[in-house]
Amino acid sequence: MKKLEDWLTWALSPSISAILVTLIFSLTLPILIHTYLYKRAVAKELPTFLLLGPSGAGKTSLLTLLANGTPSPTHTSQAPQTAICQLPSTTRSSEDKYRSENDTSSRSQPSIQLLDTPGHGKLRHHAISSLTFPTALKGLLFVVDSAVLSSAAGLTETAEFLYDVLLLLQKRHTQGKTSKTPLAIPVLLVANKQDVFTSLPAGLVKSKLEEELGKVRQTRSKGLLDSGIGMDDDGEADEESSWLGEYGANGFKFAQMREHGVDLEVVGTSTSGEGEGEGEGRGHECWSWIGANV
Amino acid sequence: MLDGFEILTTSGIVLWRRHYTPISSNLIDSLVRDVFIEEKQKPGGGENGAPSYKKDRYTLRWTSAKDVGLVFVAVYQSLLHLSWIESLLTAVKGLFTKAYGQELKTPHTLKVNTAQWDPTFDALVNRLDTGSTRRQSDTIDSEGPTELTPPSSSAGDDADEPPPVPAPLFRKPAIPTKRDDVVGDSTSTDATPIPTPDTSRPATPGHAASHLLTAKGGPGKASRRSRKAQTFNASAPVSSGDESSAGRNLKGGAKTAAKGKRRWDVDGMAIEGDDDGVLDYSASATPGPENAERELDVADVNTSQMGSRTGKGQFVLKDLDDEVDAILASSSKPQQQSNATDDSTGSGLLASASSRLTSLFRNVVGGKTLTKADLQLPLQQMQTHLLSKNVAPEAATRLCQAVETDLLDQKTANYTSIESTIRDSMTKALTRMLTPTSSLDLLREVTSVTSGQGALARPYVISIVGVNGVGKSTNLSKIAFFLLQNHFRVLVVAGDTFRSGAVEQLRVHVRNLSALSQREGVGKVELFEKGYGKDAATVARDAVAFATNKGTQAPGGSGQMLYDVVLIDTAGRRHNDSRLMSSLTKFGQLANPDKVFMVGEALVGTDSVAQARNFAKEFVDTKGKLRNNGVGMDGFIISKCDTVGDMVGTLVSMVHATGIPVVFLGVGQHYGDLRGLNVGWAVDKLMK
């Protein structure tokens, strides 16, 4: 008891040592707390790429190809699946854009997270919610089956899904609540199954989809109102906001999406065909795009 | 015979597969789609928890392990009836989960190393396969004797020694032993020492017996079989239920046992006469201790042989036997849940109060693992809530069941209570049920059909059906209005030839619509009617022919399509009146509509389920298959939604009953009061 009293007297007295101790204590304690909290809380988010597309396009197959190097046999997915993989050594990432060829210093390839979602109509909410969820989504791979696009039904289904996705991205860009626009998400249209005999080449896939998207946006604008109109108090549904691309333009082109920050590229690939090119594995087109956008 | 077996994850990746014959991957894709995603099949159907799904002459049985997210599927031809598949599925599930469960629980695993699994699976199949339709890797013709082997663990024997040497020797006694069976024994007919009851036989020829004894080349085989056969002796003959085994004449033989046993000799001629002679070549003609000793002896030798000869594989098999037995035994025993003792572990007031407090605390804080008892009361409340929203009890039960299976043994997230977890899960289940597989875009479909190249262009035919007074004519005019606004030419057909005033009603509607459309300069609408009393199907067919206008009156130019869309109204009918309902089938076949919409009113209660089902099953085409991929109709129009406010449960009931999506909602009595379905809005209203 007496010792405590003595100590308290010393601590509250204006002696140099007491002041020094207090100073050191008050300066280091916040720093310690900060480092402790930040060490625990920091979970470095890997850049995520989302795989989506109509059912049967080959998304899960592409996921296994990119993650393992060889595709595994797959069936219709019921649940989303994530995989962590590293950029292969042959691909350059965007960080290494300006690195010289002769630079031999070691560089570690960045690892990315791939998120595969089911394509069935009833399970598309996984894909849509991953789009709107604000994680470090760096890019979107929209996988289509190039062979099924030659039939009207397949083309319609693909186009409708692509329309929904692009509209969502456009709305996200134009209707942000703050003045700072969210980071633009680039889109890669992967025309899969190029090894099938009846598949359309990548350029034709692009033009067919553009044409079909034009038709879809036409009918959607004239279609029935939703039963949910009037539910949210955003005011009347602006016709311009639900029109994909350039308002009032005749046909739809993917270039029109660029003003809304959606950069769309088309590549053709095949998960089950033989790898073309020497030194390049299968799926190298996807890797180069991923590398450029990481 | 099993055609294939696959183990896949819920995200679609195949971890392991074994195909005995080529199977298209389309089969399992359609299983996943129809059963797991679209839930077209009622769950729980099927014996012993391995439900079955049939497609294309194949039957698929499956089981799933929810905790690791795996599905195990066995494929075989529908003609066979393999009773051992359930035990195979259970055993595979248990063993695979045990072997690879840990690996699969780590996130981001896309594949597992299944090299060790192949021999385990082979051993399992050999063990569980009851033998009559077993694939024989060796060349023994399994025609006669081996077919009727009782389900025994002769797997070990088969695995290590395919004995080609005794095979020809086996053939010889095949025929005489068939007569054995005729005499009245049950299961095993090979040269096994079964003491037959009426042994009025002379002693077996010495030479026959001796060479038979050597013929039992796999001595352990016969002895084990004999022991099993003796235990099965009392049971009914051949209860394995295999229908396709070739050598079934024995069963026929057994049947004639009562009549007077016919015997056949080597040349296939019937032998009349006395039932004596060389019949029983089995060694039990001299039964006795030396035989038993020999059996024991032989068994001993056999096991050690098994152990040493084939090494690691067989040792796995030994352990496998015990494990598999344990798994099968535990799965067949009824689950005894002793959750009664959970809460009242301590005795007395204090213990129960403190346990209640901790459970309350856990409920608020989260992180609680949900048990059946936990979920029971909140699910009851949720079910009552759904019932109060006018959802049919059948649908409410099914939804609560789905939520329960989803949430059982899951942990609640941080700071969420059980109620909110259940709400989340129910919202997801409702969204999934109400979301259509592919959304209907009526304008696109009409455009694509009417603009088909040249000769293929034809009008788009839509017909509306429903019970009395739900709003068919009103909603039909709303659809006509919508189509007119989009510049289509519409023909309205008065297919209700029964109710007084039906044709006049439609005439008034058409007059209003044409006035509206002329004012705006869009579209063209006309009424096609044939008065009262005619058959609605023929009226419809004539109307479609009129609209198509194929080359009949053609001054200049070929018969151009007169109308783009044909809307056919039908008479209201009670769904339990079979005569009226059957006339719908004829209507569907004659009119051949592109779309059949059924109108249901939002005010109807539990009758909606029966209505939807009865109407859906009437629309079969001439081959007897339901149209639209086996569901019958193409969509529901739920009318009078403005009158019910929040209680839009009819949507759920009708979709639950048939799996057909809701396409339109009627929200008023004017021409513009037609809306598409927004699933989020509907689920919000239901969960409010």
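Computed from a prediction, not measured in an experiment: that's the story for all the values here. (Residues numbered from 1 in each chain as written. Chains lettered and ligands numbered in written order. Predicted model: local features only at pLDDT ≥ 70, side-chain atom pairs only at ≥ 80, totals over all residues. Heavy atoms only, no water.)

*Asks:* Describe in detail the overall build of chain B, supporting the description with residues and values.
*Replies:* Counting its secondary structure elements, chain B contains 24 helices and 15 strands. Of all 688 residues assigned to chain B, the portion counted as buried reaches 48%. Within chain B, contacts between residues separated by at least 24 positions form 73% of all contacts whose residues are at least 6 apart in sequence. For chain B, the accessible surface area stands at approximately 33,100 Å², while carbon and sulfur atoms represent 54% of it. (Helix = DSSP H or I, 4+ residues; strand = E, 2+ residues; numbered from the N terminus. Buried < 20%, exposed > 50% of the residue type's maximum accessible area, 1.4 Å probe, protein only. Contact = heavy atoms within 4.5 Å. Areas by Shrake-Rupley, 256 points an atom, 1.4 Å probe, with all protein chains shown as cover.)

*Asks:* A description of the overall build of chain A should follow, citing residues and the corresponding values.
*Replies:* Secondary structure assignment for chain A yields seven helices and six strands. Sequence-ordered secondary structure for chain A, helices as α and strands as β, is α-α-β-α-β-β-α-β-α-β-α-β-α. Per-residue burial over chain A gives 41% buried out of 294 residues. The contacts of chain A with a sequence gap of at least 6 include a subset with a gap of at least 24, amounting to 76%. Accessible area of chain A: about 16,100 Å², with a carbon and sulfur share of 57%.

*Asks:* Could you give an account of the UniProt feature "transmembrane region" (unreviewed entry) in chain A, naming the residues involved and the relevant values?
*Replies:* Per the UniProt annotation, the sites labelled "transmembrane region" (unreviewed entry) are residues 12-37 of chain A. Between the first and last C-alpha atoms of residues 12-37 of chain A the distance is 31 Å; the span itself is 85% helix and 0% strand. (UniProt positions renumbered as here; feature names shortened; annotations may be inferred.)

*Asks:* How would you sum up the interface of chain B and chain A? Please name residues and give values.
*Replies:* Taken together, the contact pairs 41 residues of chain B with 39 residues of chain A. Interface area for chain B against chain A, summed over the two sides, is near 3,700 Å², with a carbon-plus-sulfur share of 57%. Looking at the side of chain B facing chain A, the largest losses of area belong to His108, Leu110 and Arg444 of chain B, adding up to 19% of the total buried there. Where chain B meets chain A, there are one salt bridge. The salt bridge involving Arg444 of chain B is made with Glu212 of chain A; its shortest N-O contact spans 2.6 Å. The interface formed by chain B and chain A holds 15 residue pairs in polar contact (both at pLDDT 80 or more) in total. Only strand E1 (2-9), strand E2 (14-19), helix H1 (26-37), helix H15 (418-434), helix H16 (442-450), strand E14 (662-666), strand E15 (674-676) and helix H24 (679-687) of chain B provide two or more residues apiece to the side of chain B that touches chain A. Examining the composition of the side of chain B that touches chain A, we find that six residues originate from one element, H1 of chain B, more than from any other. Broken down by class, the residue content of the side of chain B that touches chain A amounts to 18 nonpolar, twelve polar and eleven charged. (Buried area = accessible area lost by both parts, 1.4 Å probe. Salt bridge = Lys/Arg side-chain N within 4 Å of Asp/Glu carboxyl O. Polar contact = N/O pair within 3.5 Å; in protein donor to acceptor, adjacent residues only side chain to side chain. Nonpolar A, V, L, I, M, F, W, Y, C, P; charged D, E, K, R; others polar.)

*Asks:* So, helix H3 (residues 59-68) of chain A: which residues are in play, and what are the values?
*Replies:* All names here are of chain A. The buried fraction of H3 is high, at eight of ten residues. Considered for burial, the residues of H3 that qualify are Lys59, Thr60, Ser61, Leu62, Leu63, Thr64, Leu65 and Leu66. The inward-facing, buried residues of H3 abut strand E1 (48-52), strand E2 (81-86), strand E3 (111-116), strand E4 (137-145), strand E5 (187-192) and helix H7 (284-293). Of the residues trailing H3, Gly69 is marked for its positive phi of about 95°.

*Asks:* Mind laying out the environment of Met561 of chain B, listing which residues take part and the relevant values?
*Replies:* All names here are of chain B. The topology assignment puts Met561 in the loop between helix H19 (536-548) and strand E11 (565-570). In this structure Met561 comes out as buried when scored by relative accessible area, which is 11%. Considered as a pair, Met561 and Val510 are 51 residues apart in the sequence and their alpha carbons are 20 Å apart. Those residues within four positions of Met561 in sequence are excluded, and the remaining contacts are Thr450, Ala457, Arg458, Pro459, Arg489, Ala547 and Thr548.

*Asks:* Lay out the pattern of salt bridges in plain terms, naming residues and giving numbers.
*Replies:* Two side chains carrying opposite charge are able to pair once their charged atoms lie near each other. Tallied over the entire structure, the rule returns 23 salt bridges over all chains. Between Lys253 of chain A and Glu210 of chain A there is a salt bridge whose closest N-O contact spans 3.8 Å. In this pair, Lys253 of chain A sits in the loop between helix H6 (202-222) and strand E6 (264-268) while Glu210 of chain A sits in helix H6, placing the two residues 43 residues apart along the sequence. For Lys253 of chain A, a relative accessible area of 46% corresponds to the partly exposed category. For the salt bridge of Lys389 of chain B with Asp646 of chain B, the shortest nitrogen-to-oxygen distance reads 3.7 Å. Here Lys389 of chain B, found in the loop between helix H13 (372-388) and helix H14 (393-407), pairs with Asp646 of chain B, found in the loop between strand E13 (635-639) and helix H23 (649-658); they are 257 residues apart in sequence, far enough to count as distant.

*Asks:* Can you tell me about the environment of Lys206 of chain A, naming the residues and giving the values?
*Replies:* Residue and element names in this part refer to chain A. Note on placement: Lys206 falls in helix H6. Residue Lys206 is classed as partly exposed on the basis of its relative accessible area, which comes to 31%. Spatially, the C-alpha atoms of Lys206 and Val266 are 6.9 Å apart, while their sequence positions differ by 60 residues.

*Asks:* Provide a residue-level description of the sheet that holds E13 of chain B, including the pertinent values.
*Replies:* Note on sheets: strands pair through backbone hydrogen bonds, and any given pair is parallel or antiparallel. All names here are of chain B. Strand order in the open sheet formed by eight strands is E10-E9-E11-E8-E12-E13-E14-E15, and the pairing between neighbours is mixed. Because the sheet does not close on itself, it has two edges, and the strands there are strand E10 (524-528) and E15. For this sheet the average axis-to-axis angle between neighbouring strands, irrespective of direction, equals 25°. Examined bridge by bridge, strand E8 (residues 460-466) and strand E12 (residues 595-601) share five bridges and lie parallel to one another. Paired with Ile462 across the two strands is Lys595, which belongs to E12. (Pairing = 2+ DSSP bridges. Axes fitted to C-alpha atoms, helices over the stretch in contact; angles between N-to-C directions.)

*Asks:* Give a description of the UniProt feature "domain: SRP54-type proteins GTP-binding" (unreviewed entry) in chain B that names residues and reports values.
*Replies:* In this structure's numbering, the residues bearing the UniProt feature "domain: SRP54-type proteins GTP-binding" (unreviewed entry) are residues 661-674 of chain B. Annotated as 0% helix and 43% strand, the span residues 661-674 of chain B places its first and last C-alpha atoms 16 Å apart.

*Asks:* Go over helix H21 (residues 607-616) of chain B, please, and point to the residues and values.
*Replies:* An α-helix turns once every 3.6 residues. As a result, residues three or four positions apart point the same way. Counting buried positions over the ten residues of H21 of chain B gives seven, a clear majority of the element. Of the positions making up H21 of chain B, those classed as buried are Ser608, Val609, Gln611, Ala612, Asn614, Phe615 and Ala616 of chain B.

*Asks:* Break down the confidence of the model for chain B for me, citing the residues and quoting the values.
*Replies:* All names here are of chain B. Predicted confidence across chain B gives a mean pLDDT of 73, with 67% of residues reaching 70 or more. Confidence over residues 205-222 falls short of pLDDT 50; this stretch has 26 contacts with residues more than four positions distant or in other chains. For this predicted complex, the interface score ipTM comes out at 0.77, alongside a pTM of 0.71. (pLDDT = per-residue confidence, 0-100.)

*Asks:* So, the pairing of E14 of chain B: which residues are in play, and what are the values?
*Replies:* All names here are of chain B. Of all five residues making up E14, five are buried, and the element is well covered by its neighbours. Of the strand pairs in this sheet, E14 and E15 are connected by three bridges, and their pairing is antiparallel. Bridge pairing links Phe664 to Gly676 in E15.

*Asks:* Account for the sheet that holds strand E3 (residues 52-55) of chain B, naming residues and giving values.
*Replies:* All names here are of chain B. With respect to topology, five strands assemble into an open sheet ordered E2-E1-E5-E4-E3, the strand pairing being antiparallel. For this open sheet the edge positions go to E2 and E3, each flanked by a neighbour on one side alone. Strand-to-strand twist of the sheet, defined as the mean angle between neighbouring strand axes without regard to direction, takes the value 15°. Its contacts with the sheet place helix H3 (residues 117-128) against E1 and E2, and it is angled at close to 45° to E2.

*Asks:* Pulling in residues and values, what's your account of unusual backbone geometry?
*Replies:* Even without being a glycine, Lys193 of chain A presents a positive backbone phi close to 65°. Of note, Lys193 of chain A is situated in the loop between E5 and H6. On the basis of relative accessibility, which here comes to 26%, the residue Lys193 of chain A falls in the partly exposed class. Of note in this structure, Lys640 of chain B is not a glycine but carries a positive phi near 60°. On the secondary structure map, Lys640 of chain B appears in the loop between E13 and H23. What makes Lys640 of chain B partly exposed here is its relative accessible area of 27%.

*Asks:* Any chance you could break down the confidence of the model for chain A for me, citing the residues and the numbers?
*Replies:* Residue and element names in this part refer to chain A. Mean pLDDT over chain A: 79, with 80% of residues reaching 70 or higher. Ranking the elements of chain A by mean pLDDT puts H7 last with 80 and E1 first with 88. Under a pLDDT of 50 for its full length, residues 231-236 has, in the predicted model, two contacts with residues more than four places off or in other chains. For residues 275-279, every residue scores under 50 in pLDDT, and the model assigns this stretch four contacts once sequence neighbours within four places are set aside.

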